[in-house]
Amino acid sequence: MSDRTDLLLAIADDELILGWRNSEWTGIAPFLEEDVAFSSIAQNEIGHARALYELAAAELGTTADELAFDREPGEYRSAPLVELRRLEWARTIARHWLYETADEIRLAALKASDDPEIAGLAAKMDREEAYHRMHAEMWVDRLLATEEGSERLQEAVDELWPYALGVLDDELRPELVARAQEKLERALADVEPVPRGVHEAELAELWEEMTSARRSAPAGAQW
Amino acid sequence: MGGDDLRQTLGTGWRAVVTVDDVWAALAEIPDPEIPVISIVDLGVVKGVEVTNGTVSVEFTPTFMGCPALDTMRLAMEARIAELGASADIHVRLDDSWSTDDITAEGREKLRAAGFAPPAPRVAEKLELVQLQRGFRCPYCGSTSTKLENLFGPTPCRSIRYCEECRQPFEQFKTI
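Keep in mind it's a predicted model, so treat the numbers as computed, not measured.

1. Here we look at the overall build of chain A
Step number 1: Looking only at helices and strands, one finds nine helices and zero strands in chain A.
Step number 2: Reading the secondary structure of chain A in the N-to-C direction produces α-α-α-α-α-α-α-α-α.
Step number 3: Over its C-alpha atoms chain A spans a radius of gyration of 17 Å, differing by no more than 12% from the 17 Å that the globule rule assigns to 223 residues.
Step number 4: Summarising its shape, the C-alpha atoms of chain A cover approximately 55 × 40 × 30 Å along the three principal directions.
Step number 5: Within the span of chain A, comprising 223 residues, buried residues form 40% of the whole.
Step number 6: For chain A, the proportion of contacts with a sequence separation of at least 24, taken over those separated by at least 6, is 71%.

Printed below as a string of structure tokens:
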């Protein structure tokens, strides 16, 4: 597999799995606006995953659906940050904000790529991600504004920090550290990143559910 | 056909003569599947049409990448082009070439008349939440005393706003 395909799959898997995690709030978010917001964000992320899988599929001679659903859980290239099941609001917001911040840094690098397909796709994704970032930052500000909110958010950020670092390659990490520390106005621990490729047990559970409809149908079924 | 006729003849036998203008006119009759008051041509998502040897090539770009209307739009374009007697080759382009600034003036007016506030122009600098909190015009009463209720709405391309004058919630096309 080329480095290009490996990169496309890593980002596509991040977006697909996080899209799936975000969709878990559909119907049960704390209030209606957030139900709508997380559902819409999930839809965008899965749309990005589809486009990225299509680029990878063209090179591998397969299809986006096969890449999304027909691999074994161990073959996914997602970062463990997106795999965690965190149905608790402060942790959800912490993950959302950490991921979107890391993703912005990653997209900025991809937009400067000399591969026109990757640069073009990254630029289109970034237009949509701008709304995710505004949403995440609005929530971070809202939680930081109260004592309890701030305490719970900061605790969640500390817990997720090694995972957030694991989303990015070595050369992009310092920017994430700088941005996160600036927003929180404090230092974050200098810890080892949780690397890609070592999956959380929660990914296997998610995979079971995510692929169940497709696995239940005979091979070659038309959807 | 006379030598001064610039219309291109396509194929042979039963096939009709299809021109680029015919294709644009046909595509202009396809409504957006989710906001049917506006056509896909008004929306600006059809980026180019070419006619070569009986095949109509259409370059097309989705509004939002997760938009489920994408496949519906593609099928509708193929069907309309088949009605013209040509085969369609729809190419989906995924880059930053589409912006809500590409929605035609007529399209923006149709959106407004249907109760959707049209998108604000794209800005060169980074899009900030504060820009979206400013008073956009209510499509019902025209007041600018409106506030952002939710960045996200019933489809990826819309936000929800509320008019403090006529006390109506309304949808606004997001700027992309």
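2. Some details on the domain arrangement of chain B
Step number 1: Partitioning chain B into domains gives domain 1 (20-92) and domain 2 (117-173).
Step number 2: Taking only C-alpha atoms, the centre of domain 1 of chain B and the centre of domain 2 of chain B are 28 Å apart.

3. What about the environment of I41 of chain A?
Residue and element names in this part refer to chain A.
Step number 1: Positionally, I41 belongs in helix α2 (residues 32-60).
Step number 2: Taking the number of C-beta atoms within 10 Å as the measure of exposure, I41 has 27 and is therefore buried.
Step number 3: Taking the C-alpha atoms as reference, I41 lies 6.7 Å from H132; in sequence the two are 91 residues apart.
Step number 4: Leave out the neighbours within four places in its chain, and I41 touches N22 and H132.

4. Details of the sheet that holds strand β6 (residues 158-163) of chain B
In sheet architecture, strand pairing relies on hydrogen bonds along the backbone and comes in two forms, parallel and antiparallel.
Residue and element names in this part refer to chain B.
Step number 1: The four strands are arranged β4-β7-β6-β5 in an open sheet whose pairing can be described as mixed. In this open sheet, the two strands that pair with only one neighbour each are β4 (116-117) and β5 (146-150).
Step number 2: Examined bridge by bridge, β5 and β6 share four bridges and lie antiparallel to one another. Residue pairing across strands places T146 opposite C163, the latter belonging to β6.

5. Points about the packing of helix α7 (residues 147-165) of chain A against helix α8 (residues 173-184) of chain A
All names here are of chain A.
Step number 1: Following both chains from N to C, one finds α7 and α8 inclined at 170°, their axes separated by 12 Å at the closest point. Accordingly, the angle class assigned to the pair α7 and α8 is roughly antiparallel. Contacts from Q154, V157, A164 and L165 in α7 reach R173, L176 and L184 in α8.
Step number 2: When the residues that make up the contact of α7 with α8 are grouped by side-chain class, the tally is five nonpolar, one polar and one charged.

6. Here's the deal with the confidence of the model for chain B
Residues and elements named next belong to chain B.
Step number 1: The predicted model of chain B has a mean per-residue pLDDT of 87, with 91% of residues at 70 or higher.
Step number 2: Here helix α4 (residues 129-133) stands out as the element of chain B with the lowest mean pLDDT, 78, in contrast to helix α1 (residues 20-27), whose mean of 95 is the highest.
Step number 3: The low-confidence segment residues 1-5 (pLDDT under 50) makes one contact with residues lying over four places distant or belonging to another chain.
Step number 4: For this predicted complex, the interface confidence comes out at an ipTM of 0.87, alongside a pTM of 0.91.

7. As for the packing of α2 of chain A against helix α6 (residues 116-144) of chain A
All names here are of chain A.
Step number 1: The contact between α2 and α6 brings their axes to 11 Å, and the two run at 170°. Compared by their axis directions, α2 and α6 come out roughly antiparallel. Contacts from A37, I41, N44, H48, A51 and L55 of α2 reach α6 at E117, L121, M125, E128, H132 and H135.
Step number 2: Looking at the contact of α2 with α6, its residues break down into six nonpolar, four polar and two charged.

8. A closer look at the confidence of the model for chain A
Step number 1: Put simply, chain A has an average pLDDT of 95, and 100% of its residues get 70 or more.
Step number 2: Within chain A, α8 of chain A carries the highest mean pLDDT (98), whereas helix α9 (residues 201-216) of chain A carries the lowest (94).

9. Observations concerning the pairing of β6 of chain B
Working note: regular strand, side chains alternate between the two faces of the sheet.
Residue and element names in this part refer to chain B.
Step number 1: With five bridges joining them, β6 and strand β7 (residues 169-173) adopt antiparallel strand pairing. Across the sheet, the residue bridging to Y162 is P169, located in β7.
Step number 2: The turn joining β6 and β7, which pair antiparallel and follow one another in sequence, is formed by five residues; a positive phi near 55° is taken by R167.

Each value, and the rule that gives it
- Sequence order sets the numbering: in each chain, residues are counted from 1 along the sequence as written.
- Labels follow written order: the first chain is A, the first ligand is 1, and so on.
- Side-chain atom pairs in this predicted model are given and counted only at pLDDT of 80 or more, local residue features only at pLDDT of at least 70, and totals for whole chains, interfaces and linings cover all residues.
- Here a helix means four or more residues in a row that DSSP labels H or I, a strand means two or more in a row labelled E, and each is numbered from the N terminus.
- To get the radius of gyration, use the C-alpha atoms; to get the globule rule, take the number of residues to the power 0.38 and multiply by 2.2 Å.
- For the exposure call, what matters is how many other C-beta atoms sit within 10 Å of a residue's own: 20 or more marks it buried, 12 or fewer exposed, and in between partly exposed, using C-beta atoms placed from the backbone.
- Residues are scored as being in contact if the C-beta atoms we place from backbone atoms lie within 7 Å.
- These domain limits were set by an automatic method or by a database of domain assignments.
- When DSSP finds at least two bridges between two strands, those strands are taken to pair.
- To get an axis, a line is fitted to the C-alpha atoms, and for a helix only the part in contact is used. The angle between two axes follows their N-to-C directions and goes from 0 to 180 degrees.
- Every angle not falling under 35 degrees, over 145, or within 65 to 115 is termed oblique; those three ranges are roughly parallel, roughly antiparallel and roughly perpendicular.
- Here the term charged refers only to Asp, Glu, Lys and Arg, the term nonpolar to Ala, Val, Leu, Ile, Met, Phe, Trp, Tyr, Cys and Pro, and the term polar to all other amino acids, Gly among them.
- Each residue gets a pLDDT score, which is the predictor's confidence in that residue and runs from 0 to 100.

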